[in-house]
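Letter by letter, the chains look like this.
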Amino acid sequence: NAGVTQTPKFRILKIGQSMTLQCTQDMNHNYMYWYRQDPGMGLKLIYYSVGAGITDKGEVPNGYNVSRSTTEDFPLRLELAAPSQTSVYFCASSFGRGLNEKLFFGSGTQLSVL
Amino acid sequence: AQSVTQLDSQVPVFEEAPVELRCNYSSSVSVYLFWYVQYPNQGLQLLLKYLSGSTLVKGINGFEAEFNKSQTSFHLRKPSVHISDTAEYFCAVRPQNTGKLIFGQGTTLQVKP
């Protein structure tokens, strides 16, 4: 049981480059999330999805895009990378309701934009 | 839109002393509330959650939290802390009518011997 798998674990980008952070879960969770974690700032929600084909903006969506074509996958796209996007990114998933509500996190992606 | 505020960025406390980590939220609709913990160099794990029912919620590792709707608070408490409780603690809130789960800024609990 893999849980939530994020790739890559580390990446260095040059300003203006683009990349996709991959996230997949094998728990049949409806809800999926992308967060970024910066020191002293907690986790900021970038985008979330409550099911395949449904996505919505979080607190800090600018500079990012997502898609959810399947229940399992929720990739995060960075277009025109900027130094402000240097952060640790976490993907997470949840059943989203009831007694089983609990976020399962991926291991994170450390991204540096230079 | 909802928001979450953790009132203390750092809380130093001596071992075996009680501790309270404060969390306030705002939302125009009813919410679900959570506390997560992040130990050094580890991922986040769920401590406890309030979905409905009793306002006093017990979690893992001896932690508990009380939901106070009138004060829009969800403070985390432990009667006697251990060195191993040193970690970053995050309060989180999700309105019941959306999937939008947001976190507070985090509180660093530093337990001293």
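Predicted model only: the values in this text are computed from it and were never measured. (Residues numbered from 1 in each chain as written. Chains lettered and ligands numbered in written order. Predicted model: local features only at pLDDT ≥ 70, side-chain atom pairs only at ≥ 80, totals over all residues. Heavy atoms only, no water.)

Caption draft 1: Structural view of the overall build of chain A. Of regular secondary structure, chain A possesses 0 helices and 11 strands. Compactness check: chain A gives a C-alpha radius of gyration of 13 Å against a globular reference of 13 Å for 114 residues, within 12% of the reference. Taking the principal axes of the C-alpha coordinates as reference, chain A spans close to 40 × 30 × 25 Å. Residue burial in chain A is summarised as follows: out of 114 residues, 46% are buried. A separation threshold of at least 6 residues defines the contact pool for chain A, and within that pool the share at least 24 residues apart is 54%. As presented, chain A carries roughly 5,500 Å² of accessible surface, and 54% of it is formed by carbon and sulfur atoms. (Helix = DSSP H or I, 4+ residues; strand = E, 2+ residues; numbered from the N terminus. Rg over C-alpha atoms; globule rule 2.2 N^0.38 Å. Buried < 20%, exposed > 50% of the residue type's maximum accessible area, 1.4 Å probe, protein only. Contact = heavy atoms within 4.5 Å. Areas by Shrake-Rupley, 256 points an atom, 1.4 Å probe, with all protein chains shown as cover.)

Caption draft 2: Region of interest: the interface of chain B and chain A. Each partner contributes residues to the interface: chain B has 18 residues there, and chain A has 24 residues. Surface buried jointly by chain B and chain A totals about 1,600 Å² across both partners, of which 58% is contributed by carbon and sulfur atoms. For the interface between chain B and chain A, the tally reads 1 salt bridge. Summed over the shared surface of chain B and chain A, the number is 7 residue pairs in polar contact (both at pLDDT 80 or more). At the level of secondary structure, the elements contributing two or more residues to the side of chain B that touches chain A comprise strand E5 (31–38), strand E6 (44–50), strand E10 (87–95) and strand E11 (102–103) of chain B. In terms of residues, the side of chain B that touches chain A owes the most to one element, E5(B), which gives 4 residues. Residues that form the side of chain B that touches chain A fall into these classes: 10 nonpolar, 5 polar and 3 charged. (Buried area = accessible area lost by both parts, 1.4 Å probe. Salt bridge = Lys/Arg side-chain N within 4 Å of Asp/Glu carboxyl O. Polar contact = N/O pair within 3.5 Å; in protein donor to acceptor, adjacent residues only side chain to side chain. Nonpolar A, V, L, I, M, F, W, Y, C, P; charged D, E, K, R; others polar.)

Caption draft 3: Quick peek at the layout of surface pockets. Within this model, the largest pocket holds a volume of roughly 220 Å³. Lining of the largest pocket is provided by 15 residues; of these, A:Gln37, A:Pro39, A:Gly40, B:Gln38 and B:Glu88 occupy positions nearest its centre. Counting residues per element, the ones that place at least two in the lining of the largest pocket are strand E4 (31–38) of chain A together with E10 of chain B. Per-element accounting of the lining of the largest pocket gives the leading share, 3 residues, to E10(B). Residues of the lining of the largest pocket, tallied by class, amount to 7 nonpolar, 6 polar and 2 charged. The calculated volume of the second largest pocket comes to roughly 180 Å³. (1 Å grid on protein atoms, 1.4 Å probe; cavity = no way out; pocket = protein on both sides within 12 Å on 5 of 7 lines; lining within 4 Å. Points joined across faces, edges and corners; volume = space filled by probe spheres on them.)

Caption draft 4: Spotlight on the pattern of salt bridges. If you walk through the whole model with that rule in mind, you get 8 salt bridges over all chains. In this structure, A:Arg77 and A:Glu79 form a salt bridge, with 3.1 Å as the shortest nitrogen-oxygen distance. Measuring nitrogen to oxygen at the nearest pair gives 2.9 Å for the salt bridge that ties B:Asp8 to B:Arg22. Taken together, the residues span a long stretch of sequence, with B:Asp8 in the loop between strand E1 (3–6) and strand E2 (10–14) and B:Arg22 in the loop between strand E3 (19–21) and strand E4 (23–26) at a distance of 14 residues.

Caption draft 5: Focus on the environment of B:Gln6. All names here are of chain B. Counting through the fold element by element, Gln-6 comes out in strand E1. Taking relative accessible area as the criterion, Gln-6 reaches 6% and is therefore assigned buried. With 98 residues separating them in the primary sequence, Gln-6 and Gly-104 have C-alpha atoms 5.7 Å apart.

Caption draft 6: Layout of the state of the cysteines. All names here are of chain B. Considering all chains together, one arrives at 2 disulfides over all chains under this definition. With its sulfur 2.0 Å from that of its partner, Cys-23 forms a disulfide with Cys-91. Its torsion about the S-S bond being -70°, the disulfide of Cys-23 and Cys-91 is classed as left-handed. Taken together, the residues span a long stretch of sequence, with Cys-23 in strand E4 and Cys-91 in strand E10 at a distance of 68 residues. Neither residue differs from the other here; Cys-23 and Cys-91 are each classed as buried. (Disulfide = S-S within 2.5 Å.)

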